[in-house]
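Residues per chain are reported as follows:
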Amino acid sequence: MQVAWSPYENNLFAGLLHDTLTLYAVESSAERPHNAQSIELSRHTFCSPVIVTRTPFYVRCLDWCPTNEFGRLVAAGSANGRLAIVGFADSPGHRDNFRSLVNKEIGPRYSRNCNAVSWNAVDSNLIAVGLDRHRSDSSLLVYDVFLSPDHYAEKGREDGQHGARTDGALFDFGGNDPCVSCSWFRQSSKIMVAGFHGKGLRLFDLRDPSKPRGPLTKSVYGACVDPFGENRIASFGDNQLSLWDVRNFEKQIAHYNVQKVITQIEWSPTRYGLIAGTLRDTPEFKLFDVQHAHVSRDDHEPVILERCFTVGSEEQTLTSFSWHPQHENRVLISTLSNTIHDVQVLERMTLNWSKTHHLLWACGRDMHCFTDTSAPEPIIQAINEDISVRMKRRAVNGYGMHVDTLADNAALLEGDTEVARIWPWLDAIRSVEGLDSSDGITFRGVKSILAGLPGKSRTEVKYEHWSNGSPPGRGGNEGVPVYTSNERDQVQRLCGWSLNKDASVEAFLSQEQYDRVAAVCVFHFDIQRAVEVLQTAAKKSELAKSYNIIAVTLSGYTEEPTSLWRNFYTAITPEITSPYIQAIFQVLLANRSEGTLKKIVSDSSLALEDRIGFACTFLNDNRLQEFVKELTEDYTTKGILEGLVLTGFGIEGIDLVQNFVDSAGDVQTASMISALVTTKEWSEDPRPHQWVDHYREVLDSWMFWEGRAMFDVFSSRLKGGGPKVPRQIVATCNFCGKSINHAAGGQSSSARGEKMFMGKTPNVGEIPKVSVCSSCGKLLPRCALCQVNMGTPTNMNFVSGDMDEELVKKAKKINPLEMWFTWCQTCRHGGHASHLAEWFREHTECAVTGCTCKCMVIENGCAIVTNNRRRIATSN
Amino acid sequence: MTSDPRSPVRRFVEEENSSPCEIMSICLPVPTDHKDLIHDVALDYYGRRMATCSSDQSVKIWDLQDDGTWRCTANWKTHAGSVWKVTWAHPLYGQLIATCSFDRTAALWEETVGDGSSVAQSHWVKRTSMVDSRGSVSDVQFAPKHLGLQIVTTAADGVIRIYENIDQSNLSQWQLVHEISSKFAGCSCASWSQSRLLPQILAVGSYDEAPSTGKVVLFELVDQGRKWIKIETLNSITEPVHDLTFANTLGRSFHILAVAAKDLHIVSITPSVKRSSSASNLHSNQQSASLLTQPRAYDIRLLALLKDHQSTVWRVSWNITGTILASSGDDGYIRLWRSNFTSAWRCVAVIRGDGTLQTEGEGGGSSNRKLSNSETLDLSHNAQSQNFLSGFSLPKTASPALTFQKWSS
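Residues numbered from 1 in each chain as written. Chains lettered and ligands numbered in written order. Predicted model: local features only at pLDDT ≥ 70, side-chain atom pairs only at ≥ 80, totals over all residues. Heavy atoms only, no water.

Caption draft 1: Here's a closer look at the overall build of chain A. Within chain A, the secondary structure is distributed over 29 helices and 34 strands. Sorting the 876 residues of chain A into buried and exposed places 53% on the buried side. Partitioning the contacts of chain A with sequence separation of at least 6, the portion at a separation of at least 24 is 51%. Total accessible area computed for chain A in this model is approximately 39,100 Å², and 49% of it derives from carbon and sulfur atoms. (Helix = DSSP H or I, 4+ residues; strand = E, 2+ residues; numbered from the N terminus. Buried < 20%, exposed > 50% of the residue type's maximum accessible area, 1.4 Å probe, protein only. Contact = heavy atoms within 4.5 Å. Areas by Shrake-Rupley, 256 points an atom, 1.4 Å probe, with all protein chains shown as cover.)

Here it is as structure tokens:
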């Protein structure tokens with residue numbers, strides 16, 4: 001099947017199947033039209049046949065009449081060389097031309113295959129026909145469709161041998177080499193290119209038909225002229241695509257080899273330098289993008305970039321295609337199984353993320369943009385889940401800046417529980433170490449606290465019983481060994497497992513963690529309380545039944561559990577899902593062997609503090625140390641922040657946070673933690689500094705400078721003020737050249753980046769008289785507008801017209817920013833900022849008489865980077 | 001001069017409180033008015049300015065307006081051929097862009113002020129033109145800011161060139177400081193690693209057609225910035241590479257590199273622990289010279305090999321944190337990728353090139369369609385839409401065997 005878009009009607013195309021030529025109309029709709037004959041071309045387009053015509057013969061090639069003056073006409077070339085004009089009737093009877101042309105047949109004297117037909121776009125009466133060879137006839141003929149063969153036959157007879165032919169052809173070219181392709185130039189309508197098998201490409205000019213020129217080549221098929229530049233011709237032969245420049249036709253300017261034999265090529269009529277092609281026996285549709293630089297002296301060789309598509313879901317060999325004449329990149333493709341596809345070829349897309357979570361991409365000539373608020377739901381969701389957007393939201397909410405109660409930061413984490421757990425720990429560390437919010441954290445970690453245990457520390461062992469109100473059992477049972485020591489006590493206080501457990505019980509109760517409370521009570525040998533808690537839980541919780549059962553079971557516990565109790569426990573075991581309840585029964589029931597203890601401490605569904613607390617109570621020194629070591633390693637490799645409690649803030653802690661950053665990408669939390677830590681390791685290792693650097697960079701690129709500045713203050717708060725930023729600008733006296741820094745001592749340390757001479761003065765009364773240079777006593781520069789010297793107290797008279805009462809009052813108290821002295825970087829004239837601003841609202845030139853500097857234009861935006869500014873920039 | 005009512009800080013806050021009606025719009029098309037295919041779109045450091053370049057040989061500069069639309073503020077012809085890439089310098093260096101073109105040159109442009117008569121259109125002046133290449137210049141990239149003002153170009157002649165601005169006050173003075181032969185027939189792209197702490201790496205990709213040779217080469221800057229040494233060839237990437245880009249390191253101890261070849265590759269590059277832990281010498285600049293000229297050992301792992309595009313992957317881009325990767329392919333789709341906590345990368349969204357989201361009906365329902373089912377040129381998207389719709393089906397590409405495969409160098 002062959003297809004060809006109508007050159008002048010957007011929604012019509014001709015489809016050729018054997019000897020049936022059908023005109024199809026394409027309509028766009030979401031639903032299949034209620035028309036039995038409609039064929040689906042794509043998801044949104046359908047076509048239905050409008051007119052079906054039979055051609056008088058089997059058609060080998062066809063070409064639309066390029067103009068609609070004559071009506072819808074198609075020239076069809078046959079296997080015997082005859083050319084027929086097939087028409088699809090317009091509105092009836094409006095065109096004489098149509099009627100005169102339709103069903104007209106033209107043919108050469110000797111019948112042979114017709115290989116190519118091309119209708120001239122300008123002189124639309126001319127058709128070129130390429131034919132197979134014949135020993136006594138030319139293979140490329142040009143006909144005038146309006147003239148009847150008889151006319152020419154007669155004319156020929158009259159004139160004798162003056163070029164005219166008996167078959168009616170105006171011109172004949174090419175000798176007896178088979179012509180396999182031909183194409184008219186679009187603008188230069190007298191010129192035509194044709195390919196002759198075994199000979200090469202030839203360029204014919206009707207005005208001088210005797211001198212064809214062209215190269216000897218095998219790339220003779222599918223010769224076609226670039227619609228965007230008539231000097232370029234493309235052709236193919238076997239599996240080579242060739243490009244030619246007719247001004248230098250001898251040698252191809254570029255060629256490109258593909259894997260299989262090419263069957264058809266066509267220039268895109270809508271996009272510059274794009275050729276489409278199909279290959280034999282493949283479902284692949286090829287696009288060749290021709291890149292060509294037009295440098296005047298140096299014509300670079302064009303480069304062909306290949307792209308490849310597969311059409312449709314089934315592997316169907318493509319038989320023909322046709323570019324839509326107007327719609328960009330729209331192609332109609334027919335396959336061997338006679339299906340037709342209406343395809344929108346998408347261009348190669350380029351894309352980029354902005355730092356502010358916008359995704360931009362360009363497809364062809366169009367740009368598209370998704371922002372973090374305007375994207376479709378799944379994308380918003382994906383972006384919102386991402387650490388980048390979460391970090392931004394947290395930064396806006398002041399994450400990490402809650403210094404007094406660090407746990408408040410956890411609330412800003414929006415359910416990121418694993419990270420959130422570190423913040424209460426930091427609070428706990430502070431309270432155990434007796435630090436307040438102005439102290440840096442130097443905690444060495446549970447691991448190092450317990451490190452000395454087996455050797456020097458005195459660990460006491462007591463034997464405790466689960467009393468449950470009843471007297472201790474018979475003498476055979478010694479009870480459970482419970483270990484205590486100063487170090488263990490310290491760790492337990494950190495874990496909230498202090499001997500006075502009531503406080504933590506209350507805290508857990510308020511969080512409705514009943515099973516946890518019960519477990520803590522049991523582990524503190526207070527079954528009575530545990531039962532009470534569970535009963536309370538049963539009243540409040542939805543799981544009343546199971547809590548009651550557990551409470552009953554617990555209260556039935558005795559030191560020497562009866563087999564009945566054991567059986568009952570075994571019966572309810574499957575129903576227990578809470579790890580805490582499971583832990584309770586494991587401890588009570590089982591033999592308290594090391595295996596059981598180990599199982600409990602290594603149960604990661606228990607909170608870390610409970611595991612550590614439990615371990616500190618029930619494990620002996622060696623086991624405890626081993627356990628803490630394993631746990632530390634586990635948390636460090638996994639990069640779970642909570643593990644900082646174990647590692648402390650040394651090198652191991654840095655490793656842990658590094659692993660956390662590696663896996664979570666949350667450089668923000670890492671920076672916030674390192675801002676609180678003041679250990680030697682953390683200030684010497686480059687990694688914490690790197691986190692801070694990167695986080696600051698991120699804040700900067702969000703234009704969140706204020707937040708960044710606050711973070712700078714925050715992070716250097718505990719570290720002696722951070723790196724001293726040297727004075728950036730010094731103003732010197734015009735006369736003596738010395739710095740006009742009048743009150744030298746006090747201000748240099750406090751002012752960061754402020755203009756030194758304008759040191760912030762909280763109290764008007766304390767402003768010294770500084771309107772003169774401190775060394776030479778000459779007056780300082782004047783404001784170009786109000787003519788008051790710089791440094792003169794500004795609490796009077798400098799009240800501009802549009803200030804309201806409030807502002808006037810304020811202006812009298814302190815120097816607002818707009819009363820600061822400033823100057824143009826170029827002409828060095830200046831004055832009070834607000835005065836200058838007012839001036840430049842209406843003027844572009846400097847306010848100083850005789851100065852033509854266009855200060856405001858130069859300083860407008862970030863256009864000019866003066867040398868000065870760039871030097872500042874690079875020093876950072 | 002000081003109180004700009006559109007101060008960026010305020011805008012930042014406004015953005016947070018953007019009206020809900022904005023959420024309804026699906027995609028914001030930006031009419032570019034380019035006369036030919038757009039090859040690259042670049043955003044500045046703050047995401048407020050955009051540059052586009054096109055086959056029509058021109059570059060356009062766009063400024064983001066307060067209402068969220070983009071306004072073209074400059075448009076000029078930059079080259080004598082298709083402009084392949086455009087890129088912004090860090091704002092520390094001013095408003096600078098670099099372009100590269102098929103015409104064998106790369107150029108540096110600086111925004112200048114006019115005479116005040118036309119505020120709407122800014123002027124961009126060519127500061128320098130880099131004409132050393134003997135082939136189409138395929139990529140141009142500014143170095144990370146801590147290396148100063150440097151530009152790398154890759155070209156079809158297979159040479160990687162690094163230029164440095166010697167005199168900070170004169171943007172016209174550039175010196176070709178390094179010229180590295182890649183041994184490829186042509187280089188397509190380059191990317192600088194983004195960390196100040198980790199050793200500086202430059203990754204270069206090639207579109208060389210030669211079969212079964214690695215198409216990505218890594219270079220390390222050694223000897224205190226005096227020399228680039230080739231450290232590794234990624235031999236598992238043998239298809240022509242069209243784009244590659246390092247993610248922002250953001251405090252990580254390794255680099256992540258995305259490579260767009262026939263498939264999408266995500267690679268981690270970890271400098272050996274031994275040398276990097278001695279990185280305290282970052283502060284004390286004294287280190288024996290012999291050590292400095294040696295490249296480090298690297299552990300290079302393939303994190304993911306993603307084939308969902310089922311066609312050539314064309315461009316890749318990381319978001320600010322290096323946690324979402326966007327890729328575009330010849331299938332006409334954009335895919336967004338994220339890694340979950342087990343560091344398996346999966347596709348989280350599929351966007352058609354025209355801005356519509358891929359939905360269930362598309363690509364999936366081929367059964368009830370007899371004649372044809374192609375609208376865009378793509379293969380059946382069954383597998384992809386599953387990935388996308390069911391949310392969490394593990395991508396077939398993230399098989400454990402691949403995930404920690406060590407690269408043989």
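Alright, that's what it looks like, and here's the rest.
Caption draft 2: Here's a closer look at the overall build of chain B. The helix and strand inventory of chain B stands at 7 helices and 25 strands. Per-residue burial for chain B yields a buried fraction of 60% across its 409 residues. Residue pairs at least 24 apart in sequence account for 51% of intrachain contacts in chain B once pairs closer than 6 positions are excluded. Accessible area of chain B: about 15,800 Å², with a carbon and sulfur share of 52%.

Caption draft 3: Representation of the packing of helix α11 (residues 514-523) of chain A against helix α12 (residues 527-540) of chain A in the model. All names here are of chain A. Interaxial distance between α11 and α12 falls to 8 Å at its minimum, and their mutual angle equals 170°. If you check the angle between α11 and α12, you find them roughly antiparallel. On α12, the residues that touch Tyr514, Val517, Ala518, Cys521 and Val522 of α11 are Arg529, Ala530, Val533, Leu534, Ala537 and Lys540. Among the residues making up the contact of α11 with α12, the classes are represented as 9 nonpolar, no polar and 2 charged. (Axes fitted to C-alpha atoms, helices over the stretch in contact; angles between N-to-C directions. Parallel < 35°, antiparallel > 145°, perpendicular 65-115°, else oblique. Nonpolar A, V, L, I, M, F, W, Y, C, P; charged D, E, K, R; others polar.)

Caption draft 4: Focus on helix α18 (residues 621-638) of chain A. All names here are of chain A. The terminal C-alpha atoms of α18, which comprises 18 residues, lie 26 Å apart, in line with the 26 Å expected from a rise of 1.5 Å per residue. Taken residue by residue, α18 has Asp621, Leu624, Phe627, Val628, Leu631, Thr632, Tyr635 and Thr636 as its buried positions. Taken end-on, α18 shows its buried residues confined to a sector of 155°, consistent with a single buried face. Exposed and facing more than 90 degrees away from the buried side of α18 are Asn622, Thr637 and Lys638. (Expected span 1.5 Å × (residues − 1). Arc of directions from axis to C-beta.)

Caption draft 5: Fine view of the UniProt feature "repeat: WD" (unreviewed entry) in chain B. The positions UniProt marks with the feature "repeat: WD" (unreviewed entry) are residues 31-65 and 306-337 of chain B. Along residues 31-65 of chain B, the helical share is 0% and the strand share 57%, with 15 Å between the first and last C-alpha atoms. (UniProt positions renumbered as here; feature names shortened; annotations may be inferred.)

Caption draft 6: Inspection of the side chain of A:Asp342 at higher detail. Residues and elements named next belong to chain A. Examined against the element boundaries, Asp342 turns out to sit in strand β27 (residues 340-344). On the basis of relative accessibility, which here comes to 5%, the residue Asp342 falls in the buried class. Polar side-chain contacts of Asp342 include one of 2.6 Å to the side chain of Arg330. (Polar contact = N/O pair within 3.5 Å; in protein donor to acceptor, adjacent residues only side chain to side chain.)

Caption draft 7: Representation of the sheet that holds strand β3 (residues 49-54) of chain B. Residues and elements named next belong to chain B. Taken together, 4 strands build an open sheet; the order of strands is β2-β3-β4-β5 and the sheet is antiparallel. Of all the strands in the sheet, the pair left with one neighbour each is β2 (38-43) and β5 (70-77). In this sheet, neighbouring strand axes are inclined to one another by 20° on average, regardless of whether the strands run parallel or antiparallel. Where β2 and β3 come together, 5 bridges link them in antiparallel fashion. (Pairing = 2+ DSSP bridges.)

Caption draft 8: Representation of the pairing of strand β1 (residues 2-5) of chain A in the model. All names here are of chain A. In the sheet, β1 pairs with strand β2 (residues 12-17) via 4 bridges, with the strands oriented antiparallel. Paired with Gln2 across the two strands is Leu16, which belongs to β2. Connecting the antiparallel pair β1 and β2 is a turn made up of 6 residues.

Caption draft 9: Broad picture of the pattern of salt bridges. Taken as a whole and judged by the stated rule, the model has 43 salt bridges over all chains. One salt-bridge network, held together by shared partners, links A:Arg271, A:Asp289, A:Arg307, A:Glu347, A:Arg348, B:Asp36 and B:Asp330. (Salt bridge = Lys/Arg side-chain N within 4 Å of Asp/Glu carboxyl O.)

Caption draft 10: Looking closely at the environment of A:Phe204. Residues and elements named next belong to chain A. Summarising the element assignment, Phe204 is placed in strand β16 (residues 200-205). Here Phe204 falls in the buried class, since its relative accessible area comes to 2%. Separated by 30 residues in the primary sequence, Phe204 and Gly174 place their C-alpha atoms 9.4 Å from one another. Those residues in contact with Phe204 that lie beyond four places of it in its chain are Leu140, Phe173, Gly174, Lys190, Ile191, Met192, Ala194, Phe196 and Pro212.

Caption draft 11: Region of interest: unusual backbone geometry. Residue A:Asn338 is not a glycine yet carries a positive backbone phi of 65°. Locating A:Asn338 in the fold gives a position in the loop between β26 (330-335) and β27. A residue is classified by how much of its surface remains accessible, and A:Asn338, at 35% relative accessible area, is partly exposed. Positive phi values are uncommon outside glycine, yet B:Arg104 reaches one of about 75°. Position of B:Arg104 among the secondary structure elements: in the loop between β7 (96-101) and β8 (106-112).

Caption draft 12: A look at the confidence of the model for chain B. Residues and elements named next belong to chain B. This prediction gives chain B a mean pLDDT of 76; 73% of its residues lie at or above 70. Scored below 50 in pLDDT, residues 1-25 makes 30 contacts in the model with residues more than four places away or belonging to other chains. Contacts of residues 360-409 to residues separated by more than four positions or lying in other chains number 122 contacts, the stretch itself having pLDDT below 50. (pLDDT = per-residue confidence, 0-100.)

Caption draft 13: Just the pairing of strand β21 (residues 262-267) of chain A, in detail. Residue and element names in this part refer to chain A. Bridging between β21 and strand β22 (residues 274-279) involves 5 bridges; their strand directions are antiparallel. The residue bridging Trp267 from the neighbouring strand is Ile275, located in β22. A loop of 6 residues connects β21 with β22, the two strands running antiparallel in sequence, and Gly273 in this loop sits at a positive phi of about 70°.

Caption draft 14: The arrangement of the nonpolar core in detail. Judged by nonpolar contacts, the single largest core of 109 residues is most densely connected at A:Trp423, A:Leu426, A:Val446 and A:Phe649. Beyond its immediate sequence surroundings of up to four residues, A:Trp423 is in contact with A:Tyr399, A:Gly400, A:Leu406, A:Ala407, A:Asn409, A:Ala410, A:Leu413, A:Thr669, A:Met672 and A:Leu676. If you look at the next biggest cluster of nonpolar residues, it comprises 22 residues, including A:Met349, A:Leu359, A:Ile380 and B:Ile351. (Core = buried A, V, L, I, M, F, W, Y, C linked by side-chain atoms within 4.5 Å.)

Caption draft 15: Quick peek at helix α20 (residues 651-664) of chain A. All names here are of chain A. Between its first and last C-alpha, α20 extends 20 Å over 14 residues, near the 20 Å set by a 1.5 Å rise per residue. Looking only at α20, the buried set comprises Gly653, Ile654, Leu656, Val657, Gln658, Phe660, Val661 and Asp662. On the buried face of α20, the contacting elements are α6 (417-420), α18, α19 (644-647), α21 (667-676), α22 (680-684) and α23 (686-701). Positive backbone phi, at 70°, marks Gly665, one or two positions downstream of α20.

Caption draft 16: Region of the structure containing the sheet that holds strand β13 (residues 169-173) of chain A. All names here are of chain A. Taken in spatial order, the 4 strands make up an open sheet running β10-β11-β12-β13, and their pairing is antiparallel. Each having just a single partner strand, β10 (114-119) and β13 make up the two edges of the open sheet. Going from strand to strand, the sheet's axes swing by 20° on average, the running direction of each strand aside.

Caption draft 17: Representation of the packing of aromatic side chains in the model. With the rule as written, the count across this model stands at 28 aromatic pairs over all chains. Plain terms: the ring middles of A:Phe196 and A:Phe204 are 5.9 Å apart, the flat faces sit at 85° to each other, and that makes the pair edge-to-face. Pairing A:Phe523 with A:Phe618 gives two aromatic rings, centres 6.3 Å apart and planes at 80°, and the pair type is edge-to-face. Of this pair, A:Phe523 sits in helix α11 while A:Phe618 sits in helix α17 (residues 608-618), and the two are 95 residues apart along the sequence. Taken as a pair, A:Phe523 and A:Phe618 share a single burial class, namely buried. Positioned above the aromatic ring of A:Phe196, the side-chain terminus of A:Lys199 is 5.6 Å from the ring centre. Between A:Arg348 and the ring centre of B:Trp314, over which it is positioned, the NZ or CZ distance is 3.7 Å. (Phe/Tyr/Trp six-rings, centres within 6.5 Å; stacked < 30°, edge-to-face > 60°. Lys NZ or Arg CZ within 6 Å of the ring centre and 35° of its normal.)

Caption draft 18: Structural detail: the packing of α20(A) against α23(A). Residues and elements named next belong to chain A. Here α20 crosses α23 at 35°, and the two axes come no closer than 10 Å. With respect to the hand of their crossing, α20 and α23 are arranged in left-handed fashion. The residues of α23 that touch α20, namely those facing Ile654, Asp655, Val657, Gln658 and Val661, are Arg687, Pro688 and Trp691. (Left-handed = near helix turned anticlockwise from the far one by under 90°.)

Caption draft 19: Structural detail: the environment of B:Cys53. Residues and elements named next belong to chain B. Looking at the secondary structure, you find Cys53 in strand β3. Here the alpha-carbon distance between Cys53 and Leu37, two residues 16 residues apart in the chain, equals 8.6 Å. Not counting the four nearest positions on each side in its chain, Cys53 is found in contact with His34, Leu37, Ile38, His39, Asp40, Ser58, Val59, Val83, Trp84, Lys85 and Val86.

Caption draft 20: Geometry of the environment of A:Glu328. All names here are of chain A. Looking at where Glu328 falls in the secondary structure, it is placed in the loop between β25 (318-323) and β26. Each C-alpha atom, one on Glu328 and one on Pro269, is 8.1 Å from the other, the two residues being 59 residues apart in sequence. Filtering out sequence-adjacent residues up to four positions away, Glu328 remains in contact with Thr270, Gln344 and Arg365.

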